Amino acid sequence: MIDPFVIIGASGDLTARLLLPAVAELVEQQKTPEGLTLTGVDRMDWTEEQFRERMREALDAHATRASARTRTEVLRRLRYRRADATRGEDLRRALGGIHPSVLAYLALPAHLFEPVLTALSEASLPKGSVVAVEKPFGVDLASAQRLNELLRLRFPDTLVFRIDHFLSDELVQRVFALRFGNRVLESIWNQQHIERVTITWDEPLTVEGRASYYDRAGALRDMIQNHLLEVLALVAMEQPARSDERSIRDARAAVLRTIPTMTAEQVRQRSVRARYVDGDIDGHKVPAYARERGVEASRETETFAELTLELASWRWAGVPFVLRTGKALAQSHAEVAVYFRFEPDHAYRGQPGGQNVLRIGLSEPYVRLAVNINGPELTLVTQDLELRSHATGRLAYSNLLLDMLRAQPMLTLRDDEVEEAWRIVEPVLAGWRRGEVPLREYPAGSAGPSGR
Ligand SMILES: NC(=O)C1=CN([C@@H]2O[C@H](COP(=O)(O)OP(=O)(O)OC[C@H]3O[C@@H](n4cnc5c(N)ncnc54)[C@H](OP(=O)(O)O)[C@@H]3O)[C@@H](O)[C@H]2O)C=CC1
Ligand SMILES: O=C1O[C@H](COP(=O)(O)O)[C@@H](O)[C@H](O)[C@H]1O
């Protein structure tokens, strides 16, 4: 049995906004082991009471689905240990005592994973422990390879979760269910019928005080290297041989392997990077990213990224997959859109109607298909067939924590998957570093860089 759940980086945004509310949801649903405790580890000079007070505020703001009783119960289970997580001695002290097994969760910026995992290995975790590493897994391909090696050598008896919470999100999982739970889509799910696919994750959220992490990451590493490439894998994958962990991970990884490494010329033509400047969102003034606290403007970190990829497979040859994400945009818009080839039918010559587009909401629970039906006098009008429904509605991080407690890593990233994803984005990072793609600007609260 796992006890305690140790969050390393517990004063950060992830803990407050996503991890603690997930714990609260599971406690409310009585899904956590009886008596499971939570230990927050961070370098803040806080007493346990001060930590609890911060976490009380976080739960009040973000665990709105949990009852007051549950929130109090979560607070009761919290401990705090001050530690510099890059020091083995500090971590050993923070973990203290004898535990059956530990869930050590690295809620830290990626550049700290190597020193913290090295320090954690010195703390000798008990057998049956779980180590969870957040995304992005490393900062480039070489660091991801080093991390995988480190985990293999120093944590041989420990189950490793390379986190991508989109895979545990029930709306994202809907892509898989639609593909493989409906025979009707399979025969048209290929380059013969599909013209292009867009995967969009636009957010009005700004950097939200996360500059210490985000300014070293940027939109490409924060969202495309992991979440959006994994959504692409679900859209494009072949039917897994079986419904087990190995088969499903194999099928996701196989898609990434079909994406050719981009040339410098392709990077120039197929990638866009931009950064928001002064603007307003919903009537609130938003300062330029470059002036946010903790941002080093000269790093030229992008807050918007777009990448067009092609897959070298018979199913997808010639179909562009456009991945796009940005912060401080006018609207929240997160969806997969599949555009079917558009051939006006002879019966309606001159009345072309609209293109069939299948849209799958990734943050709103809709599936929508634009279809043409008859309007007046042999014309066509385009309307949406729409389905709106939640699945169980459990938070993605709750599903993820449950999988950790049950030791089921299927919906997390495998070592080869993260390395393939870095191989795909690395030429883009290199081209951007060399200044071969201009850093464009867009006002906060706009639709993004002009023309996008
Ligand atoms: N926030 C989000 O929405 C999401 C975040 N993630 C991932 O979660 C991870 C963390 O992100 P986020 O919480 O936003 O980042 P933050 O910067 O908000 O939090 C990181 C925390 O780690 C602490 N820390 C830094 N160095 C040490 C150290 N040596 N010892 C102990 N603690 C340390 C920081 O403390 P200090 O302030 O003192 O530096 C900070 O509290 C990232 O990998 C991110 O990609 C994933 C999904 C969503
Ligand atoms: O991993 C991340 O995801 C969030 C978006 O996911 P959500 O589930 O919180 O909506 C994104 O805002 C953040 O920048 C990124 O680190």
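The model shown is predicted, which means the values in this text are computed figures rather than measured ones. (Residues numbered from 1 in each chain as written. Chains lettered and ligands numbered in written order. Predicted model: local features only at pLDDT ≥ 70, side-chain atom pairs only at ≥ 80, totals over all residues. Heavy atoms only, no water.)

J.: Mind laying out the packing of helix H1 (residues 13-28) against helix H12 (residues 396-405), listing which residues take part and the relevant values?
T.: In contact at an axis separation of 8 Å, H1 and H12 are set at 65° when each is read in the N-to-C sense. Between H1 and H12, the angle is such that the two are roughly perpendicular. The handedness of the crossing between H1 and H12 comes out as right-handed. Contacts between H1 and H12 pair Leu 14, Leu 18, Leu 19, Ala 22, Val 23, Glu 25 and Leu 26 from the former with Tyr 397, Ser 398, Leu 401 and Leu 402 from the latter. Grouping the amino acids of the contact of H1 with H12 by side-chain chemistry returns 9 nonpolar, 1 polar and 1 charged. (Axes fitted to C-alpha atoms, helices over the stretch in contact; angles between N-to-C directions. Helix = DSSP H or I, 4+ residues; strand = E, 2+ residues; numbered from the N terminus. Parallel < 35°, antiparallel > 145°, perpendicular 65-115°, else oblique. Left-handed = near helix turned anticlockwise from the far one by under 90°. Contact = heavy atoms within 4.5 Å. Nonpolar A, V, L, I, M, F, W, Y, C, P; charged D, E, K, R; others polar.)

J.: Give me the side chain of Asp 42: which residues, what numbers.
T.: Along the polypeptide, Asp 42 turns up in strand E2 (residues 38-42). Buried and unpaired, Asp 42 has Arg 43 as its nearest opposite-charge partner, separated by 5.1 Å. Within the local environment of Asp 42, its side chain forms a polar contact with the backbone nitrogen of Ala 10, the two atoms lying 3.1 Å apart. Leaving out residues up to four positions away in the same chain, Asp 42 has contacts with Gly 9, Ala 10, Ser 11, Gly 12, Tyr 80, Arg 81, Arg 82 and Ala 83. (Buried < 20%, exposed > 50% of the residue type's maximum accessible area, 1.4 Å probe, protein only. Lys, Arg positive; Asp, Glu negative; His and termini not counted. Salt bridge = Lys/Arg side-chain N within 4 Å of Asp/Glu carboxyl O. Polar contact = N/O pair within 3.5 Å; in protein donor to acceptor, adjacent residues only side chain to side chain.)

J.: Explain the environment of Leu 167 to me, using residue names and the numbers behind them.
T.: Along the chain, Leu 167 turns up in the loop between strand E6 (159-162) and helix H7 (170-180). As a C-alpha pair, Leu 167 and Thr 308 span 141 residues in sequence and 22 Å in three-dimensional space.

J.: Any details on the site of ligand 2? Residues and values, ideally.
T.: Contacts to ligand 2 come from Leu 18, Lys 135, His 165, Phe 166, Trp 201, Glu 203, Arg 210, Asp 222, Met 223, His 227 and Lys 327. With respect to ligand 2, the side chain of His 165 contributes an N or O atom lying 2.8 Å from an oxygen atom. Here Glu 203 contributes a side-chain N or O atom positioned 2.6 Å from an oxygen atom of ligand 2. For ligand 2, whose free accessible area comes to 390 Å², the fraction covered by protein is 83%. A total of 3 residues in the shell around ligand 2 trace back to one element, the largest contributor, which is helix H9 (residues 211-236). Among the residues forming the shell around ligand 2, the class breakdown is 4 nonpolar, 2 polar and 5 charged. (Near = heavy atom within 4 Å. Areas by Shrake-Rupley, 256 points an atom, 1.4 Å probe, with all protein chains shown as cover.)

J.: How would you summarise the site of ligand 1 if you had to cite specific residues and measurements?
T.: In the vicinity of ligand 1 there are 25 residues, among which Ser 11, Asp 13, Arg 17, Arg 43 and Lys 135 approach most closely. The side chain of Asp 84 places a nitrogen or oxygen atom 3.0 Å from a nitrogen atom of ligand 1. The contact in question runs from a nitrogen atom of ligand 1 to an N or O atom on the backbone of Ala 85, over 2.9 Å. Here the element with the most residues in the shell around ligand 1 is H1; it accounts for 4 residues. Taken together, the residues of the shell around ligand 1 break down into 11 nonpolar, 6 polar and 8 charged. A domain-level breakdown of the shell around ligand 1 finds at least three residues from each of domain 1 (4-134) and domain 2 (169-399 + 406-443). (Domains from an automatic or database assignment.)

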